[in-house]
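# Coordinates in review
As a plain string of letters, each chain reads:
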Amino acid sequence: MKEAIGGRRFRRHIPPLLFLLALIAMLVAVARPAAVVTLPSQHQTIILAMDVSGSMRAVDVQPNRISAAQAAAKAFVAEQPSNVRIGVVSFAATASVVQTPTQNREDIVAAIDRFQLQRGTAIGSGIIVSLATIFPDAGIDVSSLIYGRYAPRGVPLDQAGKAEKPPFKPVPPGSYTSAAIILLTDGQRTTGPDSMEAARMAADRGVRIFTVGIGTTRGETIGYEGWSMRVRLDEDTLKAIADVTRGQYFYAGTATDLKKVYESLNARFLLEKKDMEISALFAAAAALTGLVSALLSLLWFNRIL
């Protein structure tokens, strides 16, 4: 008898306790808590913007920089989900689309294999052509931006001479989750639009740029067919490009490093950590706990609390 009475006394406290927990959960939900959660990536288009300047024939990365870059890029392509479209942009003194975004992996690999080295390094051109490839209907005037007059100091690159167009409304950097650019280069800009102005164009459109620096940071003299040139990896600019677009910079000093970089990028594009509001979870827990409290009170005591 005592055990039965003790059990009823204990049960009396369960519904109020559950109701208190429901109130606490509801208060937490009102505070709109957030947490870092890992979710499948939303990137549906990835642009590989790759440097094909003459310095990419250097052999400090075995067998040479361009071959190592091609091998790593092709391995990256092979690991991407089948629904992800991948485009390829090459840049030297200027930039061009060698493969429009597609899900056909054979076409992408063939485009990477077709690279031909040229003189010059126009990093800004590579970024602009990549953006025009991501937003084909946005009216980005590639010819004017790359070959025409550059923007006066303090004027956004894509607004120079375009006063007749409707004003462009920027979005927060990194907010466009449907596409990203992977920019690989072994040198510093020698021609073309300013790299940082082009990066700000990407930032204003919410597109992240993940920069990969390959080769030497101390500088190296490359000779070929009677001419020579001094090349140096401009890490500061590549870091700044990644930072302003909310991307990330990677350094690859060897072929092994480059492979690891692309493996890291592959993992990032498959799964991403994001800040997400979880107030709905607490609200649902509060509702469920409150409902259980009411049902137990009704079942045991024929009343709701």
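Higher on the page you've got the structure.
Residues numbered from 1 in each chain as written. Predicted model: local features only at pLDDT ≥ 70, side-chain atom pairs only at ≥ 80, totals over all residues. Heavy atoms only, no water.

### A closer look at the overall build of the protein
A count of helical and extended segments in the protein gives nine helices and ten strands. Sorting the 305 residues of the protein into buried and exposed places 43% on the buried side. Residue pairs at least 24 apart in sequence account for 79% of intrachain contacts in the protein once pairs closer than 6 positions are excluded. Only carbon and sulfur atoms are counted for the fraction: they give 56% of the accessible area of the protein, which is about 16000 Å². (Helix = DSSP H or I, 4+ residues; strand = E, 2+ residues; numbered from the N terminus. Buried < 20%, exposed > 50% of the residue type's maximum accessible area, 1.4 Å probe, protein only. Contact = heavy atoms within 4.5 Å. Areas by Shrake-Rupley, 256 points an atom, 1.4 Å probe, with all protein chains shown as cover.)

### So, helix α2 (residues 65-79)
The terminal C-alpha atoms of α2, which comprises 15 residues, lie 22 Å apart, in line with the 21 Å expected from a rise of 1.5 Å per residue. Burial in α2 covers these residues: R65, I66, A68, A69, Q70, A72, A73, F76 and V77. (Expected span 1.5 Å × (residues − 1).)

### Let's talk about the sheet that holds strand β3 (residues 85-91)
Taken together, the six strands give an open sheet; going across it, the order is β4-β3-β2-β5-β6-β9, and neighbouring strands pair in mixed fashion. In the strand order of this sheet, the two ends are held by β4 (95-102) and β9 (249-252), each with one partner. Each neighbouring strand pair of the sheet contributes to a mean axis angle of 15°, computed without reference to strand direction. Across the face of the sheet, α2 comes into contact with β2 (45-51), β3, β5 (179-185) and β6 (208-214) while running at roughly 175° to β2. (Pairing = 2+ DSSP bridges. Axes fitted to C-alpha atoms, helices over the stretch in contact; angles between N-to-C directions.)

### Regarding unusual backbone geometry
The omega torsion across Q62 and P63 is -5°, close enough to zero to call that bond cis. Turning to its location among the elements, P63 is positioned in the loop between β2 and α2. A positive phi angle is found at R246, which is not glycine, with a value near 65°. What makes R246 partly exposed here is its relative accessible area of 44%.

### Quick word on the packing of helix α4 (residues 123-134) against helix α6 (residues 195-204)
At a minimum axis separation of 8 Å, α4 and α6 run at an interaxial angle of 20°. When the interaxial angle is binned, α4 and α6 end up roughly parallel. Both α4 and α6 take part in a crossing whose hand is left-handed. Taking contact as the criterion, the partners of I123, G124, I127, I128 and L131 in α4 are, on α6, S195, A198, A199, M201 and A202. Of the residues in the contact of α4 with α6, the class split is eight nonpolar, two polar and no charged. (Parallel < 35°, antiparallel > 145°, perpendicular 65-115°, else oblique. Left-handed = near helix turned anticlockwise from the far one by under 90°. Nonpolar A, V, L, I, M, F, W, Y, C, P; charged D, E, K, R; others polar.)

### Quick word on the pattern of salt bridges
Using the criterion set out here, one finds four salt bridges in the structure. Measuring nitrogen to oxygen at the nearest pair gives 2.8 Å for the salt bridge that ties D60 to R65. Taking relative accessible area as the criterion, D60 reaches 29% and is therefore assigned partly exposed. Within this structure, D60, R65 and D186 form a network of salt bridges that share partners. (Salt bridge = Lys/Arg side-chain N within 4 Å of Asp/Glu carboxyl O.)

### Here's the deal with the environment of T185
Among the secondary structure elements, T185 is positioned in strand β5. Between the C-alpha atom of T185 and that of M50, which follows or precedes it by 135 residues, the distance is 6.3 Å. Setting aside chain neighbours within four positions, we find T185 in contact with D51, F91, T121, I123, V212, G213, I214, L233 and L238. Separated by 2.6 Å, the side chains of T185 and D51 make a polar contact. (Polar contact = N/O pair within 3.5 Å; in protein donor to acceptor, adjacent residues only side chain to side chain.)

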